[in-house]
Structure formats: C-alpha cells, structure tokens
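# Observations on the three-dimensional arrangement
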Protein chains: 2
Amino acid sequence: MIIVHTIQEIRKHVRDLRAAGKSIGYVPTMGYLHEGHLSLIRSAKEQSDAVVMSIFVNPLQFGPNEDFERYPRDLKRDAEVAGAAGCDILFAPSVEEMYPRGDGKVLTTVDVEEVTHQLCGASRPGHFRGVATVVSKLFNIILPDKAFFGMKDAQQVAVLQTMVDDLNIPVEIVPCQTVREPDGLAMSSRNVFLTDEQRQQALVLSRSLKAAEAAVAAGERDVLQLKRLVREMIEAQPLADIDYVEIVNFRDLATILTIEQPALLALAVRFGKTRLIDNTVLAGR
Amino acid sequence: MIIVHTIQEIRKHVRDLRAAGKSIGYVPTMGYLHEGHLSLIRSAKEQSDAVVMSIFVNPLQFGPNEDFERYPRDLKRDAEVAGAAGCDILFAPSVEEMYPRGDGKVLTTVDVEEVTHQLCGASRPGHFRGVATVVSKLFNIILPDKAFFGMKDAQQVAVLQTMVDDLNIPVEIVPCQTVREPDGLAMSSRNVFLTDEQRQQALVLSRSLKAAEAAVAAGERDVLQLKRLVREMIEAQPLADIDYVEIVNFRDLATILTIEQPALLALAVRFGKTRLIDNTVLAGR
C-alpha cells in the first residue's frame, strides 16, 4: 500500500489510475480504524479496481466545544490494518494541506438545507457544513467512481447523497451496513473513550433499537409511542444522557407522526464526555 | 456542432472525449452571444482539443426584482454563431434539467465569503451564491480542463478562482480580456436594452476608466481622489444612475486607500432599467 500526504502526490496516483482505465473506490475516514472501516475497504475492493482511503480528522466539522483535539489518532496502526484489508493508496493530509489559508480560515463552504436541520444537525451546528465541504474537496482530489460510507452515520449519508444529486457530482454514494461488536455495540472510533461501566450501559443503544424493531413488527406505528419506548429504556441506564431520540422519514429525514414508509430511528446519547450515535431503519426494509 | 439539452447526453459526449484523450475547454454563458463570448470560444479552441459552451440563464443568480424574465434569449442565432466560432458542443439545458426539485428549490449551495461582500456582491445579495452553485454543477457535468471567463465580470472571476482553490476543483480558470465595441462600450448581452441616448451616455463608463488610468499614469495614487474623478464624469451624464464606483485590491478585492499593488477599479451604473458593469486594472498591469 502506498501512503501519501500531499494533494499533489495523490493527484498523480489518481491520474495514473484513470489513465490506465482503473475504477476508483474511495473510503473517506477520520482514522483510528475499526472493523466498520475495514468492511468499507472490502466493499470498495469488491466493486472497484483500486481502493483509496483517506484519513483526515477534519477540524471544520467539529464545534468549538467538541472533541477535535482529543479525537483518537494512530496513523501507524491504521496504515497496517488498511493495507491488510486491501487498501491500495492511503491519503493522510495535514490540516495545513487541506486548509492552506491557515488559522482554520475557509472562504468557500458547501451548505445542504433541510436534511441537515434535525438529528445531529440540530445538536451540532455547522457539523454538516464541515462534512459537505471536506467531502466535496476530497471528491475533487480523488475523483472516485464510488464512495463508501457506513450507515451508522445515516444522516451523513443522506446529506452527502443530497449534495451529490444537487451539485451533479459524478460519484456514486454506496451506503454500507453498520458493523457491530459481538454484544451489539456499533463500532466507533470513540468507543475507546468508554469506561467499562459506560461501555456496559451503552449496550442499551442497540437493545433499544431492537426493541423498537420488535414493537413495529408487532404492529406499533405510532412515532410518539415508539420514541417513548426507546427513551425509557435508555433513561433506565444511570450513566446515559440522551441528546436525541428521533424517528423521521428515511428518504428525506422529514418529521413523521406515524410509520407508513421506511423510517429512520436515530439516537445520540452521551456517556460522560463521549457521544455515541446509532440507528436502524424501521419497516419496509 | 452538436447541440444537447440533457445532462445525460452531455455526460456521454464528455465521456467519449475523455476516453479519446481529448482536453476540454469550457465556456459557460447565459447566451445571447456577442463578440466577447465568441472570443472566449476562440481562446478555448486555441488551448483545448474540444470546446464545450453552455447556455443557461441561471435563475439562482438573479434577485427577485432583477431581470431573469426579460434577460434576452435567442438560442437559434446563438447556435449559429457559436458553431461558426469553433464551438464543438453546445449544452443548453432547461431550468428543470438543472434544478429538478422544481419551484426553484435548491437544497445544496456553494458559498464564497470575503470576495463576495463588496461590489456586485453588495448590490446583488445572493448573486454569487447562485453563480458559484451553478458553476460547480456545470463543472461537475462537463469536467473541463480549462474554463474561460471574461474579465468584464472581474469579481465573478475572483469568486470562481477562490471556489476552485478552496474546493480543490480540478479546473483551470482562464480569465480573458474584455471585448469592446469600436466606441469603447464593453460588450454585454444587456446592451440590446439601451436606447440610442442611453447607449451614447453609457460611453462614459469606458471613458471614465481611461481617465482614471491616465490619472494613475500621471502619479495619482489616492483612491478617494480617483473615485471622485470617475463619479464626477459619470454623474455629468443625466441618464446615468451610479450603483457603485469602487477601487479594491486586485488580488482579494479588499478595501484599499492608496494604490500600491494592482487595483481593480470597478463600476456598476444603471441606465433606465439596464444595469451595466465595467472595470479596469490600475497599475502594475
């Protein structure tokens, strides 16, 4: 696997790949890779001639009181596991390389409306502007045919699909299933911050999603009832601090009262300083 | 010359050109072509294997009280003169093709800060958001190597250069000299709206730019004095209604008090309902 740190270098590799008629599968990440990221590499490998992964902890998508500084980083280990999983080129730029105006100054941003107003968009103002802007940049640098994203960040997938559609970006967004630990906890680079006790209590996230799925399978269609079921389960865990529990239309993340179409049940819960998200699609899956 | 109206068709032609190793020179326009546009086609032809021109009157860059509806259109004549000037493919999409969400609804926009705050950006709120968004879309559809823009819209060139730099868009922006009528009036599709009397008085625009150039050549460096000189010349024409007369740093359009670096003298003046712009670069050209 080749590791490059500059835009100029990665552009050269991309040019060579395209000149040779190779298709490019792209996996954008913030590093500290786990099995979820590796499954994205494997999907990209199956569907593309060459796999490019980027590792970039993007300051633009973190709020002033969020965890940009303490976000976990381990490029050496990441490079080993990415290469072993089939990644061909790892692009790991510095903040200065991606934002050369310095001091976090960015003059051009990409904004997506409507699908960014709820869920994590409501809790994290500016987050999806940062995501859409950096992904635009990375797409323009790597020029992939397909880009692979985990469904744990379901709203991110919705935002980027909207962006790609609206701006006619010639990239296919491929959403991939969330990968979980054997006990059900969704894989996340932030799981490393959990104490044993927090981690044990965090299992309520996937359990409450399963309970909601079961309730829907048993005929429950009322959104308020389903949200109450999930909230009560999570609130029973003393270390859990709910950011949101929401059920929205899966297609456009619009508010719904009753489940008639496929719906996204999404939640964000803090355990100490660590904020975890998880979700499932209810009905019509 | 081939004329296409859908994104699917133009993408096919672009794919074929790229597969054949041809470079693409792109000239985005709103149509009603004049000699300025044709000179862009000729520049594109000199520097590229194939020339694509788009004609699209973009509603997103017009304000609610601006002239979107009455902007002049003549696709039949445009196609003739573009083909004669060397255009290979003319892309003329409908509003629905470019904005399929309907009702002018756009969820994703590209915003450029700082270089959009003054000059036309101050007079036309939202104008450059509309320009940056549609040009992003057109670049993603046409995937040109180079894109050619007239310097009459000097701020547009600055905005798009900022956007291309910030978002790492793989397109070279090529600014081209303003083309003028023999009497000095800058070519514009909107000139057709001028009455004979307005047109005669509109010659003050290029005359006042020349006067400022002469004053700078004679040693004047004070921005207020130069602006006063230009204003007084324009105000002497009874049909002229000044929107702005500004002198800013050429590189980043920042406010300046003295001309030390190359500076942009830009003006916008209404004659009746018709708003004309013109500019020149003072010093160090």
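Residues numbered from 1 in each chain as written. Chains lettered and ligands numbered in written order. Predicted model: local features only at pLDDT ≥ 70, side-chain atom pairs only at ≥ 80, totals over all residues. Heavy atoms only, no water.

### Focus on unusual backbone geometry
Test applied: For the purposes of this entry, the term helix denotes a DSSP run of H or I that reaches at least four residues, the term strand denotes a run of E that reaches at least two, and both are numbered from the N terminus. Buried, partly exposed and exposed residues are distinguished by accessible area as a fraction of the type maximum, computed with a 1.4 Å probe on protein chains only: under 20%, between the cut-offs, and over 50%, respectively.
At L119 of chain A, a residue that is not glycine, the phi angle is positive and equals roughly 50°. Among the secondary structure elements, L119 of chain A is positioned in helix α5 (residues 119-123). Within the chain, L143 of chain B stands out as a residue other than glycine whose phi angle is a positive 45°. On the secondary structure map, L143 of chain B appears in the loop between α6 (127-142) and β6 (146-150). Judged by relative accessible area, which is 32%, L143 of chain B ranks as partly exposed.

### Brief notes about the packing of helix α1 (residues 7-19) of chain B against α6 of chain B
All names here are of chain B. Convention followed: Under this scheme, a helix contributes an axis fitted over its contacting stretch, all axes are lines through C-alpha atoms, and angles between N-to-C directions fall in the 0 to 180 degree range. Comment on the angle field: the value is read as roughly parallel under 35 degrees, roughly antiparallel over 145, roughly perpendicular from 65 to 115, and oblique elsewhere. Whether two residues touch is decided by their heavy atoms; if any such pair falls within 4.5 Å, the residues are in contact. Nonpolar residues are Ala, Val, Leu, Ile, Met, Phe, Trp, Tyr, Cys and Pro. Charged residues are Asp, Glu, Lys and Arg, and all others, Gly as well, are polar.
It is at 8 Å that the axes of α1 and α6 come closest, and there the two elements cross at 50°. Relative to α6, the element α1 lies oblique. On α6, the residues touching I7, I10, R11 and V14 of α1 are N140, I141 and I142. Looking at side-chain class alone, the contact of α1 with α6 contains five nonpolar, one polar and one charged residues.

### Quick notes on the sheet that holds strand β6 (residues 146-150) of chain A
Residues and elements named next belong to chain A. What counts is decided by this rule: In this description, strands pair whenever DSSP reports at least two bridges between them.
The strand order β1-β4-β3-β2-β6-β7 describes an open sheet built from six strands, whose pairing is parallel. Taken across any chain shown, the strands that pair with only one partner, and hence form the sheet edges, are β1 (2-4) and β7 (172-176). Ignoring which end each strand starts from, the neighbouring axes of this sheet average 25° apart. Bridging between strand β2 (residues 24-29) and strand β3 (residues 50-55) involves six bridges; their strand directions are parallel. By the bridge assignment for β3, G25 is matched with V51.

### Thoughts on the relation of the copies chain B and chain A
What counts here: Copy-to-copy alignment: least squares on C-alpha atoms, limited to residues at pLDDT 70 or above in both.
It takes a turn of 180° to lay chain B on chain A, together with a shift of 0.0 Å along the axis; the resulting RMSD is 0.0 Å. Accordingly, the operation relating the two chain copies is best matched by a two-fold axis. Distance from the rotation axis, computed per C-alpha, reaches its smallest value in chain B at V110 of chain B: 2.3 Å.

### Regarding the domain arrangement of chain A
Residue and element names in this part refer to chain A. This is how it is decided: Each domain's limits were defined by an automated method or a database of domain assignments. Note on definitions: buried area is the accessible-area loss of two parts on being combined, 1.4 Å probe, summed for both. The rule for a salt bridge is simple: a side-chain nitrogen of Lys or Arg has to be within 4 Å of a carboxyl oxygen of Asp or Glu.
Here chain A is described as being made up of domain 1 (2-176) and domain 2 (189-280). When each unit is reduced to the centre of its C-alpha atoms, the spacing between domain 1 and domain 2 is 26 Å. On the domain 2 side, the residues contacting the 21 residues of domain 1 number 18 residues. Considering only the surface of domain 1 that becomes buried against domain 2, R70, L119 and K152 emerge as the three largest contributors, covering 35% of it. Inspection of the region where domain 1 meets domain 2 yields one salt bridge. Measuring nitrogen to oxygen at the nearest pair gives 2.8 Å for the salt bridge that ties D67 to R190.

### Side note on the pattern of salt bridges
Tallied over the entire structure, the rule returns 38 salt bridges over all chains. The shortest N-O distance in the salt bridge between D243 of chain B and R275 of chain B comes to 2.8 Å. Of this pair, D243 of chain B sits in strand β8 (residues 240-249) while R275 of chain B sits in strand β10 (residues 274-282), and the two are 32 residues apart along the sequence. Here the residues in one salt-bridge network are D243, R270 and R275 of chain A, joined through shared partners.

### Structural notes on the sheet that holds strand β8 (residues 240-249) of chain A
Adjacent strands of a sheet pair through backbone hydrogen bonds, lying either parallel or antiparallel. All names here are of chain A. The antiparallel open sheet is built from three strands, whose spatial order is β8-β9-β10. For this open sheet the edge positions go to β8 and β10 (274-282), each flanked by a neighbour on one side alone. For this sheet the average axis-to-axis angle between neighbouring strands, irrespective of direction, equals 15°. In this structure, β8 lies alongside strand β9 (residues 263-271), joined through nine bridges in antiparallel fashion. What sits directly across from A240, in β9, is F271. Strands in contact with helix α10 (residues 223-235) are β8 and β9; relative to β8, the strand with the most contacts, it is inclined by about 160°.

### Let's talk about the nonpolar core
Selection criterion: Throughout, nonpolar core names a set of buried Ala, Val, Leu, Ile, Met, Phe, Trp, Tyr and Cys residues whose side chains join them through atoms within 4.5 Å.
Core analysis: the biggest nonpolar cluster contains 100 residues, and F139 of chain A together with F139 of chain B have the highest contact counts within it. Look past the residues within four positions of F139 of chain B in its chain and what remains in contact with it is Y26, P144, A147, F149, V164, I169, V171 and I173 of chain B.

### Examining the state of the cysteines
Filter applied, for reference: Cysteine sulfur atoms are paired as a disulfide whenever they fall within 2.5 Å.
By the definition in use, this model includes zero disulfides over all chains. There is no disulfide at C120 of chain A, and the cysteine sulfur nearest it, in C176 of chain A, is 19 Å away. With no disulfide partner, C87 of chain B has as its closest neighbouring cysteine sulfur the one in C176 of chain B, 15 Å distant.

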